[in-house]
Amino acid sequence: MDSTLFIVQLINGIQYGLVLFLIASGLTLVFGVMGILNLAHGSMYMVGAYLAWYFVQHTGSFALSAFISAVIALCIGVVVERTLIRQLYRRNHLDQVLLTIGMIFVFNALQSLLWGNDPLGVEVPEALAASIPLTGIIEYPVYRIFVAVFCIVVAAAMYYVINKTRLGMLIRAGESNREMVECLGVDISRLYTIVFAIGVMLAAVAGVVAAPISSIVPGMGEHILISCFVVVVIGGMGSIKGAFVGALLVGLVDTFASVLVPELSSMMIYVFMAFVLLLKPQGLFSS
Amino acid sequence: MLFKKRAERLFMWVFFPLALLMPMFLEQNEYYVNKLTTIMILSIFVMSLDYLVGKCGLITLGHAMFYGLGGYLFVILAPEYEAVNFWVYTFYICAISAAIALVIGLLVLRTSGIYMIMITLAFAQMTFYYFSGSIDYGGTDGVFVYVKPETSIFGLSLFDLDNPTHFYYLCLLSLFNTLLFFKVLVRSQFGRVVDAIQVNPGRTTALGYNIFVYKLMSYVVASALGAYAGYLFTLQYGFVNPSMLSWTTSGTALVMLILGGIGSIYGAILGTITYEGLHYTLEHWTEHWMLFMGGLIILMVMVFKKGIAGFLEDLLEKRDGK
Amino acid sequence: MENNVILETEGLCKYWGGLKALDNLSLAFHDKQLHGIVGPNGAGKSTLLNMLCGHYKPTSGEIIYRGESISSIKPFEFARRGIGRSFQKTNIYTNATCLENCCVAVQRLMGGSFNFFRSRYSQKMLDDIATKALEKVGLAHRRDYIASQISYGEQRQLEIAMVLATSPALLLLDEPMAGMGHEESQLIINLLNTLKKEYCIVLVEHDMDAIFELSDQLTVMVDGQHLVTGSVDEVREDARVKEAYLGQGDEVY
C-alpha cells in the first residue's frame, strides 16, 4: 500500500467511523440512561435515508430534506417512546429484544409498502459535489469531508450538552441513579422521552447524511445496527466516549481490512471485538 | 411423572398421533409433507433455544450460528459424491459443535444480560461473514449436497432420506426424542441446579455450586442440538447457505418462542407451527406480511407474555380449580 | 472455653477506593461458640461477613480456615469447605417448595449434580436429609409449601435450614432477626442456642438483647476498626465501648 492510498483509506476509515458514532451514540445513550436495548435503532437509520430520498425528490433541496427528516424522526421517537418503549422499563432484556424485533418487522414492512424494494440513491448536493485533488490522479470527494466535519460538529455539540447543560446533568445523573433524579423533582418520564427522541433523531440524521454516499436498500438498518453493536461493545455499553473511540476503531479496522484481507474483511470487526473482549470483558470505557 | 401439567399431556396426546398420521392425510402431497418436515426441524431448533432462554436464563441472539454450523460441518466433512452414514455424521456434527460451543461459551458466558445478547450476536455474525466471503464454501450461494446419507444401522436401513415421507418420519422421531430429552434434563438433578441458578444465582454460589460450569454445559448441550437441527435442514433441502447463520434466523426463533410460550419446552412446537402457519397464510394474502407479524409480536410481548402454552395451561387449570 | 480455632483473619483490609470499609482486622473464631459482632451502621460488619464467605476479595490480609489460607479461592469453594452463610436480605428460591430449597443444598454434598437423566424426585435419601434440616429449624410442617407463601420469619428459618443442609462447620449469619417480631425473634434465639452447641457461628445482629444473650465472644467494631473483643461481661464493662458506642445514648440502632 503506497502512502497516498494509505491516506485515502485513513480518511475513509475515519469518515465511516464518524457516521457509525452518530448512530451508535443514540444506541448507547438510550441504553445508558434508560437501560433499554433498542434493536430497532438501525431501522431509524434506514428511515432517515429513505426520508431524505423522498424529500429530495419532492423539494430538490438536500438541506431542507435533511431538516424535515430530522423533525419527522424526532416525532417518530416521541410517539414510539410514549406508546411502546415506555412499557419496557420494568421488563427484562428478553422482552426488550422481542418488542424491538417486532418494531423492525413493522418498519421494514412500512418501508417496502411506502417506497418499494428497489435500491435507491440520492445525488450529492451540488454545492458539495466537487473533489479535492490529493495527488496528480487521486482525488477526494468534498462531500465525504463534509460528512466527517458534520459528525464532528454533532459530537462536539453532544459533548457540550452532556457536560455543560441542565439536560446533560440530568442525563448523567439518570445514568448513575434513577431514583435520585426522581427525588430531585424531575419528571423522569419526560427526560426519557427526550433522550429516546434524540437517539432516534441522531440515527435518522446519520441515515440522511450517509444517503448520498451509500445505496438505499431494504435491510440497510439491520446491517448498520450490528456494526453499532460492535462499536458499543468495544467502547463499553452506555459510554458516549466509548462509542466515539469504538466507532473510530471499527471504522478504521473495517476500511483497512477491506484493502488488506478483502475475502475476510466483513468479519474482521468481529474478530477485533472478540479480541478486545478477551482483554476487557466490559469494553474499553465501561463505568 | 414426566409431563406434570394437563396442558402438556393434552398436547402430547393430540400432537404426536396427529403428526404420525399426517402423511396419510396428505396423500403424498410432497409440498405439504416438506413444509411439515421443516416445521419439525425448526421446532427442534427453537426447543434447544427455549432450553437456553427459558430454562437457563441465557438470552442469546446467536443461536443460528449453531444451526448454520450443523449444515456447514456436514458439507465440510462429508465427501462430495459418496453416501456417508447418517448416524455417524450425526455424532460427528454434534460432537464438533459441542466442542465449538465449549470454546465460545467460555468467552460468552463470562458476560451477562445485554452484553451477552450482543456478543452472541457478534459471534454469529462472524461465522455468517466468514462463510459469506468464503470461496471454498460457495460464498453467499452456499454449497449443494449431491448425495444424501444412508441410514443403515447394524445393517438395518429404516429411512430412505430421498423419500420425503421417510424424511418426515425421521424428523418427527428426532423431535420426539429432543422433547423427551429436554423434559428429562429439566427434571434431572442437573436440572435442579439449573433451576436454582436461574432463580437465584447468588444463593446457588453460596451453597457451593460453580454456576459457570452448569451454564457452560447447558450452552454446549443446547448448541449441539441446534446444530443437529441445522444438519437435518441441510439434508432436507440439499444445500446449505449463509442465511441459515443470519441474525434473522436467531431473531425469528425467539419470536417463535414467545408465540409458543417461553420455558415450556413443548411450547416451541406450538410456536413454530403458529409462526409458520401465520407466515404462510399472510404471505399468500399480502406481500407486506411483516407488518402484521410485527404487530402481532408487539402485542404478544405487551399483553400475552405466556404464549400459547401458558394460555392452554391457564385454561385447563382454571377448569381444574372449579 | 478454649475450643479449636476454626477460622482466623490476619490484618484483613477492604478498601473501596479511598474508603476504608475494614481496616486491619485480626480475629479468631472458635468451634462450638457463637461469636457476636456488633457496631453502628457502616462499622464494616457486613463487609467482614462478605469477605469471610468469599463474596468480596480482601484488599490485603489473610483469611485462614483450619490452618490454611483461603483468601484467594473462588467464592463457591468457601461453601465447599464448610463455610455456610445467610444473607441480610432473605435469599431463598422463592418459587420452590421448602423441601426443594433444602434439596438443592443437600445435593451439592451428595453429588449427582451433573447427572442429566436421573430424576431429582427419585432420591429418598436426599429428601430425608433435607427434611431433617427443616426439622432442625422447626419448619417440618412447612415442607411442601412454596417458599414465597410462608411468613417472613419462616423464610429466615428456611435460609438457615438451607445452610445447615450443606453440613457446614461454620455459620455466618447476617442479621437473621432483622425485621422480625418479638416472638419470631425468640424462635431464632432458641434455635441459635441449640445450634451453637454443634457449630461455630459468627453472628452480626442489631438486636442487642439477643446478641448479649447468645454470644460467647463479642467483638465491637467502629468505622471499620476493631475496638474490643471479649466475653459479653468484659465488653459491657469496657470503657472504650461505653464511650464510643453506648455513650452515644441507649439508642444503638
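Keep in mind that what you see is a predicted model, and the values were worked out from it rather than measured.

On to the overall build of chain B, then. Helices and strands together make up the secondary structure of chain B, namely 13 helices and 4 strands. Computed over its C-alpha atoms, the radius of gyration of chain B comes to 20 Å, within 12% of the 20 Å expected for a compact globule of 322 residues. With the C-alpha coordinates aligned to their principal axes, the bounding extent of chain B is approximately 55 × 50 × 45 Å. Within chain B, buried positions represent 53% of all 322 residues. Considering only intrachain contacts with a sequence separation of at least 6, the fraction spanning at least 24 residues in chain B is 77%.

A separate point is helix H11 (residues 265–279) of chain A. All names here are of chain A. When the terminal C-alpha atoms of H11 are compared, their 22 Å separation across 15 residues agrees well with the 21 Å that a helix rising 1.5 Å per residue should span. Within the sequence span of H11, burial applies to Met267, Ile269, Tyr270, Met273 and Leu277. Projected down its long axis, H11 carries its buried residues within an arc of 145°, all on one side. Exposed residues on H11 whose side chains face more than 90 degrees from its buried face are Phe275, Leu278 and Leu279.

This brings us to the packing of helix H9 (residues 220–235) of chain A against helix H5 (residues 113–133) of chain B. Contact geometry of H9(A) with H5(B) gives a least axis separation of 10 Å together with a crossing angle of 125°. By the criterion of interaxial angle, the relationship of H9(A) to H5(B) is oblique. With respect to the hand of their crossing, H9(A) and H5(B) are arranged in left-handed fashion. Facing H9(A), whose interface residues are Ile226(A), Phe229(A), Val230(A) and Val233(A), H5(B) presents Tyr115(B), Met118(B), Ile119(B), Leu121(B), Ala122(B) and Gln125(B).

Topologically, Asn210(B) is positioned in the loop between helix H8 (201–206) and helix H9 (211–237). Here the alpha-carbon distance between Asn210(B) and Ile197(B), two residues 13 residues apart in the chain, equals 9.9 Å.

This next bit is on the confidence of the model for chain B. For chain B, the average pLDDT comes to 90, and 99% of its residues sit at 70 or higher. Both scores are given for the predicted complex: the pTM is 0.90, the ipTM 0.87.

What follows is about the interface of chain B and chain C. Between chain B and chain C, the contact holds 20 residues from the first and 26 residues from the second. For the side of chain B that touches chain C, the secondary structure elements donating two or more residues are helix H6 (164–187), helix H7 (189–199) and H8 of chain B. At 7 residues, the largest contribution of residues to the side of chain B that touches chain C is made by H7(B). Classifying every residue of the side of chain B that touches chain C gives 9 nonpolar, 8 polar and 3 charged.

This part is about the interface of chain A and chain B. With 34 residues of chain A at the contact, the number on the chain B side is 36 residues. Within the residue set of the side of chain A that touches chain B, elements represented by two or more residues are helix H4 (93–115), H9 and H11 of chain A. Ranked by residues supplied to the side of chain A that touches chain B, first place goes to H4(A) with 16 residues. In the side of chain A that touches chain B, the residues fall into 26 nonpolar, 6 polar and 2 charged.

The next subject is the nonpolar core. One finds Ile23(A), Ala49(A), Val230(A), Ala122(B), Leu257(B), Cys102(C) and Ala161(C) to be the most contacted residues of the largest nonpolar core, which totals 269 residues. Inspection of this core shows a minimum of three residues originating in each of domain 1 (1–82 + 168–252) and domain 2 (93–167) of chain C. When sequence neighbours within four positions are dropped, the list of residues in contact with Cys102(C) reads Ala130(C), Ala133(C), Leu134(C), Ala161(C), Met162(C) and Ala165(C).

A few words on the sheet that holds strand S7 (residues 170–174) of chain C. Residue and element names in this part refer to chain C. Pairing within the open sheet is mixed, and its 6 strands lie in the order S6-S7-S8-S3-S9-S10. Each edge of the open sheet carries a strand with a single partner, namely strand S6 (83–86) and strand S10 (225–230). Across the sheet, the mean angle from the axis of one strand to that of its neighbour is 15°, orientation sign disregarded. Relative to strand S8 (residues 200–204), strand S3 (residues 34–38) is paired through 4 bridges, and the arrangement is parallel. Residue His35 lies in a different strand from S8, and its bridge partner there is Val202. Across the sheet, helix H1 (residues 45–52) is in contact with S3, S6, S7, S8 and strand S9 (217–222); its angle to S8 comes to roughly 145°.

To continue, consider the environment of Val202(C). Residues and elements named next belong to chain C. Mapping Val202 onto the fold places it in strand S8. On the basis of neighbour counts, which here come to 28 C-beta atoms within 10 Å, the residue Val202 falls in the buried class. Sequence spacing of Val202 and Glu135 is 67 residues, and the spatial spacing of their C-alpha atoms is 22 Å. When near neighbours in sequence (up to four residues on either side) are disregarded, Val202 contacts Phe29, His35, Ile37, Leu49, Leu52, Leu172 and Leu173.

This next bit is on unusual backbone geometry. All names here are of chain C. If you check the backbone angles, Lys32 has positive phi at about 55° while not being a glycine. Among the structural elements, Lys32 can be located in the loop between strand S2 (19–30) and S3. Even without glycine at this site, Asp223 takes up a positive phi of about 50°.

This next bit is on the pairing of S7(C). Residue and element names in this part refer to chain C. The buried fraction of S7 amounts to 5 of the 5 residues, a majority that puts the element mostly inside the structure. On S7, burial covers both faces: Leu170, Leu172 and Asp174 on one face and Leu171 and Leu173 on the other are all buried. The pairing of S6 with S7 spans 4 bridges and is parallel. Bridged to Ile83 within S7 is Leu170. Across 5 bridges, S7 lies against S8 in parallel orientation. Within S8, the position partnered with Leu173 by the bridge is Leu203.

Residues and elements named next belong to chain A. Taking the UniProt record as the reference, the feature "transmembrane region" (unreviewed entry) is found at residues 6–29, 62–85, 97–115, 142–162, 194–217, 223–252 and 259–279. As annotated, residues 223–252 has a helix share of 87% and a strand share of 0%, and its two end C-alpha atoms lie 17 Å apart. For residues 259–279, the end-to-end C-alpha separation is 26 Å, with 81% helix and 0% strand making up the annotated structure.

On to the sheet that holds strand S1 (residues 5–16) of chain C, then. Remark on secondary structure: sheet strands pair via backbone hydrogen bonds, oriented parallel or antiparallel. Residue and element names in this part refer to chain C. Within the open sheet, the 4 strands sit side by side as S2-S1-S4-S5. Their pairing is antiparallel. In the strand order of this sheet, the two ends are held by S2 and strand S5 (68–69), each with one partner. For S1 and S2, the ladder comprises 8 bridges, and the chain directions are antiparallel. Residue pairing across strands places Leu12 opposite Leu25, the latter belonging to S2.

Bringing the pairing of S10(C) into the picture now. Strand residues, when the strand is regular, have side chains that alternate between the two faces of the sheet. Residues and elements named next belong to chain C. Here S9 runs beside S10; their pairing, made up of 5 bridges, is antiparallel. The partner of Thr219 across the bridge, within S10, is Thr229. Hairpin connection from S9 to S10: 2 residues lie between these consecutive antiparallel strands, with Asp223 at a positive phi of about 50°.

What follows covers the packing of H9(A) against helix H10 (residues 240–260) of chain A. All names here are of chain A. Viewed as axis vectors pointing N to C, H9 and H10 meet at an angle of 125°, and their least axial separation amounts to 7 Å. One element, H9, and the other, H10, form an angle in the oblique class. Handedness of the crossing formed by H9 with H10: right-handed. From H9, Ser227, Val230, Val231, Val232, Ile234 and Gly235 reach across to H10, where they touch Gly242, Ala243, Val245, Gly246, Ala247, Leu249 and Val250. Here the residues of the contact of H9 with H10 are counted per class, giving 9 nonpolar, 4 polar and no charged.

Calculation rules
Residues numbered from 1 in each chain as written. Chains lettered and ligands numbered in written order. Predicted model: local features only at pLDDT ≥ 70, side-chain atom pairs only at ≥ 80, totals over all residues. Helix = DSSP H or I, 4+ residues; strand = E, 2+ residues; numbered from the N terminus. Rg over C-alpha atoms; globule rule 2.2 N^0.38 Å. Buried ≥ 20, exposed ≤ 12 C-beta atoms within 10 Å, placed from the backbone. Contact = placed C-beta atoms within 7 Å. Expected span 1.5 Å × (residues − 1). Arc of directions from axis to C-beta. Axes fitted to C-alpha atoms, helices over the stretch in contact; angles between N-to-C directions. Parallel < 35°, antiparallel > 145°, perpendicular 65-115°, else oblique. Left-handed = near helix turned anticlockwise from the far one by under 90°. pLDDT = per-residue confidence, 0-100. Nonpolar A, V, L, I, M, F, W, Y, C, P; charged D, E, K, R; others polar. Core = buried A, V, L, I, M, F, W, Y, C linked by C-beta atoms within 7 Å. Domains from an automatic or database assignment. Pairing = 2+ DSSP bridges. UniProt positions renumbered as here; feature names shortened; annotations may be inferred.

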